[in-house]
Amino acid sequence: MEPEALQYAKSHEWVALAQDGDDRIVTVGLSAFALETLTDLVFMDLPDVGLEVSPEDHLCDVESVKAVSEVYSPVAGVVVEVNEALPDQLETIGDDPYGASWICKIRLNDGADLDGLLDHAAYLKACADDAH
Amino acid sequence: MPDATLLKQTPLHAWHAAHGGRLVDFAGWSMPVQYGSIVNEHHAARRSCGVFDISHMGRLRVSGPGAAAYLDGLVTRRVDNMKPGQIRYGLVCREDGGVLDDVLVYQGADFGVGEGGVSHSDSHSTFGVVCNAGNRDKMVAWMTKRLPSGVMFEDFTLSTAMMAVQGPEAMTIAAALCDIDVMPLGYYRGQAAHVMGAPAYVSRTGYTGEDGLEIVCRADATQAIWAALVEAAEAVGGGAVGLAARDTLRLEAGMPLYGHELSETIRPDDAGLGFSINLKDRDFVGRDALVALNDPAKPRQVRVGLELEGRRAAREGSRVLLDGDVVGTVTSGSFSPTFQHPLAMAFVDVAASSLETMLQVDVRGTSLPARVVSLPFYTRPKG
């Protein structure tokens, strides 16, 4: 997926929205900026399928040599699928952040929206501001 | 976050910033926590050569006819019988036995790094002291308050720099820049030298578990020496190493870090540092309190090494349990790049401290099995 086509939470998760019949499914992952900043990932867990989440709820942990970071849900919905292979591919997680390194898929709740997320340009600006 | 402009900078700050160093506030200093991958930097020191900017460490000089007696009255190890060039690890305590800092005392070392070092006749009355960055203000206040007349105390931290060169290739790389032969230097021995023509003090010391040299030089000589060390290290697959890997290296080597395994409230004996206290026929600040603190009737927790399976690390503050009961707390923990599984140091009840005891560590609600193992985790291969 092209990073320019995605939307982002300030907490560095990306979101790709797709329609699946009547359901709106978002795929969630961590941005290239986040993965580059974390470095040396050694462990991650995955959310449970069926987990109901609201924006900013804890989804899972990613752990580097140095520290543990939390991944938050960018949306309101239910986790319907997780990338089981990802925890065993942490050494290459940064190679394809917007493709093979997706974390989970969340079915949006009725009425839930992506308002409050940033487009790519606004997200990059937020990252640059954070760095100063 | 404190205002970054208030942080102290080492003479290598611009180099770190220009070479991808991620600069963080460490004890009031803007220091590189990593340049790229922590794991790669860790392996550099274990496998070839890592070069560390440790200029944040405090460098103090005590000199004058009463210097030996003065220091001997402050440090838990004997200082007044040290030979020139000898270096000793010791603790500095309060009257109540609380540990203010752990230090290295260098007999005959001139951290002012004047031209030609200390003359032999002066060397018996000159000492260098290296203290932790975060304890420097406290130590300067403590030491100056007790300074007798005839003893001079100077803090050279800001006018000098300190670099560590560590790893199997470190001595060869460092030796190539020195005007004296440093290869015969014994472990915990130091000597005045010129490094790339600049007056310096070099010592066979380190905080990684590897062989290597530490170099103290004047601030204005630092950049050239650093650049040459990093270039030589990179040529053998190593390079500059940040503070994050310094921490994983010292954890594997089982070395205590003040604020974690040492503090004003941890008894040195419980930290396994009984060797650093010499009570025989001598007196120093805190001596009687240390003796009283070691009352065997008092409950105690002792430092142990813990080895965890899997990849999820126990971190500082994690609770340690035995059959569901809390028996201690993790003081340092990380994934170990060398062993590829998590390691930790913890203080646990004596009853839970025997080797091979199976404990559990509560990591954010998940109970992970942890085995008590002997320290250090890592010992470098000899020869």
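**Q** In this structure, what is going on with the overall build of chain B? I would like to understand it.
**A** The helix and strand tally for chain B stands at nine helices and 19 strands. Taking 383 residues into account, the globule formula puts the C-alpha radius of gyration at 21 Å, and chain B, at 21 Å, falls close to it. Looking at the 383 residues of chain B, the share that counts as buried comes to 51%. The long-range share in chain B, meaning contacts at least 24 apart out of those at least 6 apart in sequence, stands at 67%.

**Q** It is not clear to me how the overall build of chain A should be interpreted in this structure. Could you clarify?
**A** When you go through chain A residue by residue, the secondary structure sums to two helices and nine strands. Tracing chain A from N to C terminus, the helices and strands come up as β-β-β-α-β-β-β-β-β-β-α. For 132 residues, the compact-globule estimate of 2.2 N^0.38 gives 14 Å, and chain A sits close to it at 14 Å. With the C-alpha coordinates aligned to their principal axes, the bounding extent of chain A is approximately 40 × 30 × 25 Å. Considering only intrachain contacts with a sequence separation of at least 6, the fraction spanning at least 24 residues in chain A is 63%.

**Q** Looking at this structure, how should I read helix α8 (residues 243-252) of chain B?
**A** Given 3.6 residues per helical turn, the α-helix brings residues three or four places apart onto the same face. Residue and element names in this part refer to chain B. α8 sits mainly inside the fold: ten of its ten residues count as buried. Listed as buried for α8 are L243, A244, A245, R246, D247, T248, L249, R250, L251 and E252. Residues of α8 that are buried sit in contact with β1 (22-26), β2 (29-34), α2 (38-47), β3 (50-53), β16 (325-336) and β17 (341-349). Of the residues one or two after α8, G254 is the one with positive phi, at around 70 degrees.

**Q** It is not clear to me how the interface of chain B and chain A should be interpreted in this structure. Could you clarify?
**A** One frequent convention defines the size of an interface as the accessible area lost when the parts assemble. The interface is formed by 13 residues belonging to chain B together with eight residues belonging to chain A. Sorting the residues of the side of chain B that touches chain A by element identifies α2, α8 and β16 of chain B as the ones contributing at least two each. By residue class, the composition of the side of chain B that touches chain A is six nonpolar, four polar and three charged.

**Q** Which parts of the structure should I look at to understand the sheet that holds β3(B)?
**A** Two modes of strand pairing occur in sheets, parallel and antiparallel, and in both the strands are linked by backbone hydrogen bonds. Residue and element names in this part refer to chain B. Read from one edge to the other, the open sheet built from six strands follows the order β10-β11-β12-β9-β3-β13, with strand pairing classed as mixed. Unpaired on one side and paired on the other, β10 (190-195) and β13 (239-240) mark the two borders of the sheet. Of the strand pairs in this sheet, β3 and strand β9 (residues 160-166) are connected by four bridges, and their pairing is antiparallel. Bridged to V51 within β9 is V165.

Parameters at a glance
Residues numbered from 1 in each chain as written. Chains lettered and ligands numbered in written order. Predicted model: local features only at pLDDT ≥ 70, side-chain atom pairs only at ≥ 80, totals over all residues. Helix = DSSP H or I, 4+ residues; strand = E, 2+ residues; numbered from the N terminus. Rg over C-alpha atoms; globule rule 2.2 N^0.38 Å. Buried ≥ 20, exposed ≤ 12 C-beta atoms within 10 Å, placed from the backbone. Contact = placed C-beta atoms within 7 Å. Nonpolar A, V, L, I, M, F, W, Y, C, P; charged D, E, K, R; others polar. Pairing = 2+ DSSP bridges.

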